[in-house]
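In case you want the letters, here they are:
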Amino acid sequence: MATSSVLRRALLYVPASSQKFMTKSLSLASDNITYDLEDSVTPANKQTARIQLRDHLSSLSNKPGSIGELAVRINAVSTPYALDDLTTLASAPNLDAIVIPKVNSASDLSFVTDVIRHAAPQRHSSDPTASPLKLIALIESARAVMDLRSICAASPYLTGLIFAAEDFALDLSITRTPGLAEFLYARSAIVTAARAFDLPSSIDLVCTSYKGPEGVKQLEEECQNGKEMGFNGKQCIHPSQVEVTQRMFAPAESEVEWYVRILVADDKASAAGRGAWTLDGKMIDAPVVGKARAVVAKAAKCGMDIENIKAKWKDQKPE
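Rules of the game
- Residues numbered from 1 in each chain as written.
- Predicted model: local features only at pLDDT ≥ 70, side-chain atom pairs only at ≥ 80, totals over all residues.
- Heavy atoms only, no water.
- Pairing = 2+ DSSP bridges.
- Helix = DSSP H or I, 4+ residues; strand = E, 2+ residues; numbered from the N terminus.
- Axes fitted to C-alpha atoms, helices over the stretch in contact; angles between N-to-C directions.
- Polar contact = N/O pair within 3.5 Å; in protein donor to acceptor, adjacent residues only side chain to side chain.
- UniProt positions renumbered as here; feature names shortened; annotations may be inferred.
- Contact = heavy atoms within 4.5 Å.
- Buried < 20%, exposed > 50% of the residue type's maximum accessible area, 1.4 Å probe, protein only.

Caption draft 1: Expanded view of the sheet that holds strand S8 (residues 233–236). Strand order around the closed barrel formed by eight strands is S1-S2-S3-S4-S5-S6-S7-S8, with parallel pairing between neighbours. Geometrically, the sheet is characterised by an average inter-axis angle of 25° between neighbouring strands, direction not taken into account. Strand direction decides the pairing type here: strand S4 (residues 97–100) and strand S5 (residues 134–139), joined by four bridges, are parallel. The residue of S5 that forms the bridge with Ile100 is Ala137.

Shown next, in the form of structure tokens:
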């Protein structure tokens, strides 16, 4: 399954119990909107929210161009609600992905995959032209962290892992601190597993602060910390967090310009048979060029004008 086009810098949760919030979400510019049937919906409202979400998705003639992906967070497989969530929504038009909470083992993903294959076979078929429903797994427990290898290999439709800090802290009876040091092992394990199994998304914990300058500062610091650890996206709980999060997880303009210069010069170096060379006094070899290609490709997905930057540096030569 091709997943290289998946971009999830921000994954914004929107309660499916609120028609007002779902309608408003369509005007946002976000890589991902995840309509929530789990934590934000009380048991008494699960059925109503489920039907309301199905009707909301069915009412759209097309997905808004400012939104990269529409997803739903179903209820955990261990609850009485998950099966109805899947059978009701798997065939819904405009639905791109399913976020599965409290994934503790490979069997949770196998269950979801099997249900979709029966409830919406057109979305999980072997036809290479099909548009399969992508799966994203929430890692929320010590058991899940210990079982990441089998979880990552459980379904061919898995395209990302999400770290749920609050539930993980509850499971381990630990307290979240501003420095997030208590989550270092789990977060590192998640990004490493995602990379090892070629999953395009590793999505970091929620920032619970979002109001005022201090909230923005905390969000920026958490985004930078997550990016440095290897995460390429972050969960958001308020629309105001999306712009900051997507900016922080996009390559910086100066970084993109540097890597474009490398690619332009590398074409000339390759033509001259040079495997290693220098630029601005720094050695450039195959791993650096590989990083340059990855960063420039991501920048293009983020909407940066790569061709214009290439034109600016078209005469760049290797030193």
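Caption draft 2: Local environment of the environment of Asn75. Positionally, Asn75 belongs in the loop between strand S3 (70–73) and helix H3 (82–89). Between the alpha carbons of Asn75 and Asp36 there is a distance of 8.6 Å; along the sequence they are 39 residues apart. Engagement of the side chain of Asn75 in a polar contact is seen with the side chain of Lys46, the distance being 2.7 Å. Here Asp85 takes part through its side chain, which lies 2.8 Å from a polar atom of the side chain of Asn75.

Caption draft 3: Representation of the environment of Leu184 in the model. Relative to the elements of secondary structure, Leu184 occurs in helix H8 (residues 184–196). Put simply, Leu184 and Lys291 are 107 residues apart on the chain and 25 Å apart in space, counted from C-alpha to C-alpha.

Caption draft 4: Region of the structure containing the UniProt feature "binding site: substrate" (unreviewed entry) in the chain. According to UniProt, the "binding site: substrate" (unreviewed entry) feature falls on Arg73 and Glu140. Their sequence span is 68 residues, while the largest C-alpha to C-alpha distance among them is just 14.1 Å; these annotated residues converge on one region. Along the polypeptide, Arg73 turns up in strand S3. Other than its neighbours up to four places away in sequence, Arg73 contacts Tyr13, Thr34, Tyr35, Asp36, Leu37, Glu38, Asp39, Val99, Pro101 and Leu138. Mapped onto the secondary structure, Glu140 falls in the loop between S5 and helix H5 (142–146). Glu140 gets classed as buried once you look at its relative accessible area, which sits at 5%. Look past the residues within four positions of Glu140 in its chain and what remains in contact with it is Pro101, Lys102, Ala164, Asp167, Phe168 and Asp171. Polar contacts involving the side chain of Glu140 include one to the main-chain amide nitrogen of Lys102, which spans 2.8 Å.

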